[in-house]
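Residue-level structure breakdown
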Amino acid sequence: MISIPKKFPLNRKQWALMKVIISVVFIVIILLSGLFLDEGRIVTNLTDRNSPPSVDHLFGTDWLGRDMFTRTVMGLALSIGVGLIGAIGSASIALFLGMMAATMGKRADRLISWLIDLFLSVPHLVTLILIAFMLGGGFKGIVVGLTLTHWPSLARVIRAEVMQIRSAEFVQVSRRMGKSGWWIAVHHIVPHIIPQFLIGFMLLFPHVILHEAAVTFIGLGLSPHEPAIGIILSESMKYLSAGMWWLAFFPGLCLLFIVRMFDQIGENLRWLTDSNRNRD
Amino acid sequence: MVALVAFISIFTLAGCNSSRPDSADVGRSVASEVKKDELVLAFGSEPETGFDPTTGWGRYGSPLFQSTLLKRDDKLNIRNDLATNYEVSPDGNVWTVKVRDDVKFSDGQPLTAADVVFTFETAAGNGSVVDLNRVRKVEALDDYTVRFTLQEPQSTFVNTLIGTGIIPKHAYGKDYAEHPIGSGPYQLVQWDKGQQLIVQANPQYYDRQPYFKKITFLFLSEDASFAAAQAGIVDLAYIPAAFSHQKVTGMRIESLKTVDNRGIVFPYVKSGGVTKDGLPIGNDVTADPAIRHAINIAVDRHALVDGVLEGHGTPAYTSVDGLPWWNPETVIEDGNLEGAKRLLDEAGWIDTDGDGVREKGALKAEFTLYYLASDSIRQSLAISVADMMKPLGLNVKLAGGSWDIISKSMYSNPVIMGWGSHDPHEMYNLYSSETAGIDYYNTGYYSNKTVDGYLEQALHAKTEEEAIEFWKKAQWDETTGLSVKGDAAWAWLVNINHLYLVKDGLDIGDQRIHVHGHGWPATDNIVDWKWTK
């Protein structure tokens, strides 16, 4: 990990926790401002078009005079929302299949492993585009697509973890003592995989957001008047040759920033919960 | 790392989006050998189905390779081209056209009446956009006389003669669309699909030889087209309005007037019905004339022209603004919010629950406006209009989609559409109750007996001059009509000027009012183009 100067008052663990808290606060602020920002600011204003960043319009305005800062924040909030649904859906599928593979015998395991390999053999983005296209695009298409494409790697991690726990001594003892499979799953296995699950979920998140932006960018996602970050970016491409750099620069930077935030949360949580490193 | 990779992938995708990245290089190699009598033009749209007039080629702009019986001059008057004269029988049913006897196809064979008959029979057999429904038979009376017998008089039949290039009977086959032979001013040299089209002057051409002996059409995306112009490798490039503020040295911007219009078509009837295919018809909100009039009055068309089109356009009041059959009385004063509010108040649309949206009984003054998601101008118009309607207490929700999606909803929801043609038949198609629900024509199921009467009279007039009076009356006859002053079946918004970057010194003649489509309409008078220095 990053080496921190000795005089810094926090130790590594506290520092990691700080980073998580800062990132969470930041994301919550974005989400809330996305919900509560005045819709009036993205109303078209045909007299104040194409203006570069200023105090009034932090990120400038677009070709219809809409405030880019408001659009960007709303877009990020929408993207986070879509990402949340997609990531929860994917993580649930991963949890379910991972548990099934590890507990329901050889045949189920082979089938599910095959399924995981199948999905991993094609880049997600391709599958995602196919599914979104099949469902006719739009909000539904993109959410279903994201949910159905992002589970395999997490499912594989969970499967391995569950298998390891199943062969642990305390589980064997528990079984000899006549506890049911369900009791063991709930009391022994689930508590042990919760950290992996949560971290997996957090790390899925940035992935899902970026893929949402990518699919929307190529026009298969949300309707183009909605303030989604992918739409903002793809629209801005048309105006780049007209010299309106601020349309792409700030929203792009913000997307990168948000995705880094989620990445940070995930990485640091992993570091905090990892029993092997958790000793200093 | 994950973030970085995915972020890069977004930009890679952006690269795939502009589908013709290589064409600029092709252009450069062509341009390096440009001589004075050669031209390189950058156009966006390629006629993907090829150059067969019987399936629609040449209806917009010059057919290049073929020539037509009649043509319009730059003032839109009808002139002879292949024909030496034409006569319409007193009952309007029989058109007799005399054809020049000195015309040869580019392969040296003479053009005769048999070729004309063959052209129209093939077109009728193809069942394409060439509308020959009302033609009973086409026959050659002698080598140079053709007789068209119609089922009933049709004043717009003349546009079929203007729009259909004559194909050679002896050289027409399956691959004609890719290897056209005709009697037009140019002949095909090479067509690289998706990249370029090269043509050269046809030495057999019977009329004045064109100034430019060789023309290369490059099919470029908007960005690439602009870049090509900046690099100086094209003599003319089509550009979108967003680029109009930038100067390109050695080129000027030509902003050409058009009837390439955009407007909102409203469902005219109340909801409840379904089409043959089970799609819903009608919309209770837009069926109320007060709503349609209020939108027409409240919308600020000049603001749309300045804001969305960067000033390169004109306000639209009908589908035929500026054409000979346009009734100028249809122009109204718009941007009038107070007048629109009064209209809605009087019609009983009042905001009783204070949520900013008016109601009438249980009905809320809201509807969904559909637009073509891939077209940024339609999107901008939709967003702007929706925002203009907010202070009025009308809640316009938006839905962007492909034509597949729109065509399922277009009979029951307002849609942003675009039309514009030199053929007045289009007005008939858009407003006649005969064409209600046929494809994209009259999707609102508009019908008004008086207007229908005028439209039929116009259609059945013997000549275009006679018809013009009825076309005008259909729009507004002092008491009723299809335009804003009457039933306001549409809210026409703007006519989009076509912008071209043109090299200094290149004279592209008097461009007539352009029709729907950016690119080919400019070639209408390509024979007259020349260098002035």
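Residues numbered from 1 in each chain as written. Chains lettered and ligands numbered in written order. Predicted model: local features only at pLDDT ≥ 70, side-chain atom pairs only at ≥ 80, totals over all residues.

A separate point is the overall build of chain A. Within chain A, the secondary structure is distributed over 10 helices and zero strands. Ordering the α and β elements of chain A from the N terminus gives α-α-α-α-α-α-α-α-α-α. Relative to its full complement of 280 residues, chain A shows a buried share of 42%. (Helix = DSSP H or I, 4+ residues; strand = E, 2+ residues; numbered from the N terminus. Buried ≥ 20, exposed ≤ 12 C-beta atoms within 10 Å, placed from the backbone.)

A separate point is the overall build of chain B. The number of helices and strands found in chain B is 13 helices and 23 strands. Its C-alpha radius of gyration of 25 Å places chain B within 12% of the 24 Å reference for a compact globule of 533 residues. Taken along the three principal axes of its C-alpha coordinates, chain B extends 75 × 75 × 45 Å. Across the 533 residues in chain B, those meeting the buried criterion constitute 50%. Pairs at least 24 residues apart make up 69% of the contacts formed inside chain B by residues separated by at least 6 positions. (Rg over C-alpha atoms; globule rule 2.2 N^0.38 Å. Contact = placed C-beta atoms within 7 Å.)

On to the confidence of the model for chain B. Residue and element names in this part refer to chain B. Overall, the prediction assigns chain B a mean pLDDT of 87, with 92% of residues at 70 or greater. Confidence over residues 1-34 falls short of pLDDT 50; this stretch has 57 contacts with residues more than four positions distant or in other chains. Interface predicted TM-score (ipTM) for the complex: 0.72; the corresponding pTM is 0.81. (pLDDT = per-residue confidence, 0-100.)

At the junction of the two partners, chain A supplies 29 residues and chain B supplies 30 residues. Elements with a contribution of two residues or more to the side of chain A that touches chain B: α8 (181-217), α9 (229-240) and α10 (246-273) of chain A. The greatest single-element share of the side of chain A that touches chain B, amounting to six residues, is contributed by α8(A). When the residues that make up the side of chain A that touches chain B are grouped by side-chain class, the tally is 18 nonpolar, seven polar and four charged. (Nonpolar A, V, L, I, M, F, W, Y, C, P; charged D, E, K, R; others polar.)

A word on the domain arrangement of chain B. For chain B, the assigned domains read domain 1 (1-53 + 185-256 + 497-533), domain 2 (66-183) and domain 3 (261-495). When grouped by side-chain class, the residues that make up the side of domain 1 of chain B that touches domain 2 of chain B number five nonpolar, seven polar and three charged. (Domains from an automatic or database assignment.)

Residue and element names in this part refer to chain B. The four strands lie next to each other as β4-β5-β7-β6, forming an open sheet whose pairing is antiparallel. On the outer flanks of this sheet lie β4 (83-88) and β6 (135-142), each paired with one strand and no other. Each strand of the sheet is rotated relative to its neighbour by a mean of 15°, with strand direction disregarded. (Pairing = 2+ DSSP bridges. Axes fitted to C-alpha atoms, helices over the stretch in contact; angles between N-to-C directions.)

Okay, the packing of α9(A) against α10(A) next. Residues and elements named next belong to chain A. Interaxial distance between α9 and α10 falls to 8 Å at its minimum, and their mutual angle equals 150°. In terms of orientation, α9 and α10 fall into the roughly antiparallel class. α9 and α10 meet at a crossing whose hand is left-handed. Contacts between α9 and α10 involve I229, I232, L233, S236, M237, Y239 and L240 from the former and L247, A248, P251, G252 and L255 from the latter. (Parallel < 35°, antiparallel > 145°, perpendicular 65-115°, else oblique. Left-handed = near helix turned anticlockwise from the far one by under 90°.)

Residues and elements named next belong to chain B. A one-sided burial pattern is seen for strand β5 (residues 94-99), the buried positions being W95, V97 and V99 and the unburied ones V94, T96 and K98. Two strands pair when backbone bridges link them, and β4 and β5 are joined in this way by five bridges, in the antiparallel orientation. Opposite V88, over in β5, you have W95 as the bridge partner. As judged from the five bridges shared by β5 and strand β7 (residues 145-150), these two strands associate in the antiparallel manner. Directly across from V94, in β7, lies its bridge partner T149.

Okay, the environment of D175(B) next. With respect to the helices and strands, D175(B) occurs in the loop between α4 (157-163) and β8 (186-192). When the C-alpha atoms of D175(B) and D52(B) are compared, they prove to be 9.3 Å apart, with 123 residues separating the residues in sequence.

Each strand in a sheet pairs with its neighbour through backbone hydrogen bonds, running either in the same direction (parallel) or in the opposite one (antiparallel). Residues and elements named next belong to chain B. Judged by pairing direction, the sheet is mixed, and its seven strands sit side by side in the order β8-β9-β10-β1-β11-β21-β12 without closing on themselves. Each edge of the open sheet is held by one strand with a lone partner, namely β8 and β12 (251-256). Going from strand to strand, the sheet's axes swing by 20° on average, the running direction of each strand aside. Strand direction decides the pairing type here: strand β1 (residues 38-43) and strand β10 (residues 214-219), joined by six bridges, are parallel. In the strand pairing of β10, E38 is matched with K214. Strand contacts of helix α5 (residues 222-230): β1, β10, β11 (236-239), β12 and β21 (498-503), with the helix running at about 145° to β11, the strand carrying the most contacts.

This paragraph deals with the confidence of the model for chain A. Predicted coordinates in regions of low pLDDT should not be interpreted in detail. Model confidence for chain A is summarised by a mean pLDDT of 84, while 94% of its residues fall at 70 or above. By mean pLDDT, the top-scoring element of chain A is helix α3 (residues 106-121) of chain A (90), and the lowest-scoring one is α9(A) (82).

Glancing now at helix α6 (residues 289-298) of chain B. Residue and element names in this part refer to chain B. For α6, a buried count of eight out of 10 residues is recorded, marking the element as mostly surrounded by other parts of the structure. Buried within α6 we find I291, R292, H293, A294, I295, N296, I297 and A298. Contact partners of the buried residues in α6: α8 (337-346), α9 (376-389) and β20 (490-496).

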